[in-house]
Amino acid sequence: MRMVSKCLLTLFAATTVVAHAQPLRIFACEPEWAALVRVLAPDAEVSSATHVLQDPHHIEARPALIGQLRRADLAVCTGASLEAGWLPMLQQRAANPAVQMGKPGLFFAAEQVKLIGIPEQVDRSNGDVHAEGNPHLHLDPHRLQEVAAALAERLAHLDPTGAPAYRQRYLQWADRWQQRMAGWQSRAASLRGQPVVAQHSSFAYLWAWLGLRQSADLEPKPGLPPSPGHLQQVLSRVRSELPLAVVQTSYQNPQPGEWLARQTGRPLLALPATVMSEGPAATLDGWFTRLIDQLLSASTPS
Amino acid sequence: MKHNKSLSLLAGNLLLCLSVHAADAIKANAGLPLDISLTLDGGFSSRDIVLGGRERGFALGHTELGASGNIDNRFRGQAAVALHRHEGKTELEVEEAYIETLGLPAGLQIRGGRFLAQIGYLNSQHVHADDFRERPLLYRAFLGQHYFDDGMRLNWVAPSDFLVQLGAEAFSGKTLNHTNSTRERIGTYTLNARLGGDLGRSQSWQFGLSWLRNQLQGEMKGTHDHHHDHAEGVAGEAHTHGASYTGRNLYLVDGVWKWAPDGNNRERQLRVSGEYARVTGLNKFASSADVHNAAYLSLVYRWHPQWEAGIRADALKVREPHDDHFHAGQLEERSVMLAYKPSHFSTLRLQLTQQQDRGGFAQASNTISLNYVMSLGAHGAHGF
Ligand SMILES: [Zn+2]
């Protein structure tokens, strides 16, 4: 018994020492935050709990994620209850004091910006509404920049020796980002005022930024899958004003979208709801460029 | 009985107090200090089954009111009050009331109070998250549906990319042995190891080993108050939380494997889980061959966000002590279920269960049931 406890003690001691000698270990709940961390802290060891093909509302508190959160110095998540179904369980199981509620090691993007779509009243008969407002804020490049500024400060707080570098990288990135935003917006000027049909409020921030209008939702109620009856209603509603496109995320079942696209003769776009795992859209820049490209491809008749 | 009455009064007060808080909590939507949840569970079943936890006809199941939250920066707390029917009477029982550390270093965590023992795959999960109407036979026979008790736990999680978790617990042993007084200060101990991880994007797994030591085994003569005579066979009744078949040691092996295309479990998911348990040290007359065994294998498939279907096969083999000798008993059970989940908060389940007596369980029966499990308020995050 004594041997065992001695062994365990040495093991604990070893892990604590290693934690200081190594670069920051960062657990990102979603890929967009992992991408942002790679910009601000390229030396950090980053893992993303989810990827573009997964619905971030419905992730399981898997054993692998518990292990990853156990080692993290910082967890970067969306907040606003997007991860309510899994992050609390991970925090509880991972036994890592650094990433508990209220600790500097837990960063919520939604706490850094003002959210849109805050419901006046929350009742589950209206579906699984996001009570704190729409959490899919990373689709607004302005808000993304605000989050980046706050995240750079958080990194500086956690790792004071690297503070000047984090701030410097943020400023350089923000400069480029603003030019990019102006470029994307002028390219997408023709989209302004156009109606789109989409599923869920996933792209609401993007529509607001580009001036698109979501004229119908494939979801009968927030969080519920599209039903045949509801799709019929959507069809009769959009017949008088055909949408630019039917838009779904790459993790949503494409069948309802395909059906509506066939009925309306408008294209179906499967847009990546976040940074992709590989290819040109694996960075924030590349991902926004792809979103704009895909939307523009729908507006030019081929 | 007096004890029960004051308990239900206490629970009733707690219920009232919690529901008042719940109303406040829903109004202030951000940063709730307390998460309140109410789980409604009930339904109809055609017949009673052996070792079943639900009564035939219309009956409520595991109705539960829970509250949890961070107490301060060092502790988290959780409590749950559950409603049961026992011999025709409705009882309220505190199934969980514990505190847990948030700030210990090196992956250590201590929990104290009343909580679900960390053994096997299902025991530490809430019953309302189950895929079938009843817990597997293994749990109904050896753990009184689910084993919770007053005690303490120490856990350690390793700093690795996959899960390595070791845990040790000590409990009073009173709920498992269905007794109010005992000589022993610590009635049961457990040890548990869990490993788990991902295989690529689409698969994840978990494997566990557990040991439960029952110090109270043999202390109470005849284990329970009810003595079976020879004509009765070995069919136990399990509407209480005491275990029907006990021994000095319970060993458990459990494994889970889940598959979802691209890891997108909301749309489609296959869940395969199985457990095996062995109970030894039945009493002083028991030879090494006198052991209880139980196992199950469960397969559940979600093919649409709102639809799941599953099958489960259970087997139980017991040696029921009768003075200095043992009666062999063997029971098999098969279940098929279809679940409709209109939202994240509601489940309607149709299930067929068939029991087959292989000796000693003459009351083995078949049942068809329809039940609901629905939750209001905070929907606690589910485990794996
Ligand atoms: Zn959402």
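Going by the structure above, here's the rest.
Definitions and cut-offs
Residues numbered from 1 in each chain as written. Chains lettered and ligands numbered in written order. Predicted model: local features only at pLDDT ≥ 70, side-chain atom pairs only at ≥ 80, totals over all residues. Heavy atoms only, no water. Core = buried A, V, L, I, M, F, W, Y, C linked by side-chain atoms within 4.5 Å. Buried < 20%, exposed > 50% of the residue type's maximum accessible area, 1.4 Å probe, protein only. Domains from an automatic or database assignment. Contact = heavy atoms within 4.5 Å. Salt bridge = Lys/Arg side-chain N within 4 Å of Asp/Glu carboxyl O. Helix = DSSP H or I, 4+ residues; strand = E, 2+ residues; numbered from the N terminus. Donors = N, O, S within 2.8 Å, 3.2 Å for Na, K, Ca; no water. Tetrahedral: all angles 85-135°; square planar, octahedral: opposite > 155°, others 65-115°.

Undergrad: Is there a simple way to think about the nonpolar core in this case?
TA: What tends to happen in soluble globular proteins is that the nonpolar side chains get buried as a cluster. Formed by 65 residues in total, the largest nonpolar core has its most connected members in Leu206(A) and Trp207(A). Per-domain counts for this core show at least three residues from each of domain 1 (20–183) and domain 2 (189–298) of chain A. Beyond its immediate stretch of four places on either side in the chain, Leu206(A) contacts Leu139(A), Phe288(A), Leu291(A) and Leu295(A). The next biggest cluster of nonpolar side chains, apart from the first, holds 34 residues, and it includes Ile119(B), Leu138(B), Ala141(B) and Leu176(B).

Undergrad: Sorry if this is basic, but what is going on with the pattern of salt bridges here?
TA: Side chains that differ in sign of charge can pair as their charged atoms come close. Inspection of every chain in the model, using the stated rule, returns 27 salt bridges over all chains. The partner of Asp198(B) in a salt bridge is Arg62(A), with the nearest N and O atoms 2.9 Å apart. Pair noted here: Asp198(B) is in strand β9 (residues 188–199) and Arg62(A) is in the loop between β2 (45–48) and α3 (63–70), and the two residues belong to different chains. The partly exposed category is assigned to Asp198(B), whose relative accessible area is 29%. Arg334(B) is paired through a salt bridge with Glu332(B); the nearest N and O atoms lie 3.8 Å apart. Given the relative accessible area of 34%, Arg334(B) is considered partly exposed.

Undergrad: How should the coordination of the zinc ion be read in this particular structure?
TA: Around a metal, the idealised angle for a tetrahedral arrangement of four donor atoms is 109.5 degrees; for an octahedral arrangement of six donor atoms it is 90 or 180 degrees. Residues and elements named next belong to chain A. Donor atoms from the polypeptide that coordinate the zinc ion comprise His57 (NE2), His130 (NE2), His136 (NE2) and His200 (NE2), at 2.0 to 2.1 Å from the metal. Bound by four donor atoms, the zinc ion shows angles of 103 to 119° at the metal and therefore tetrahedral coordination geometry. Ordering the donors of the zinc ion by residue number gives the pattern H-x72-H-x5-H-x63-H. Here the residue His57 occupies a position in the loop between β2 and α3, and His136 occupies one in the loop between β4 (106–108) and α5 (141–158), the gap between them amounting to 79 residues. In this structure His57 comes out as buried when scored by relative accessible area, which is 17%. Exposure remark for His136: the relative accessible area of 4% places this residue in the buried category.

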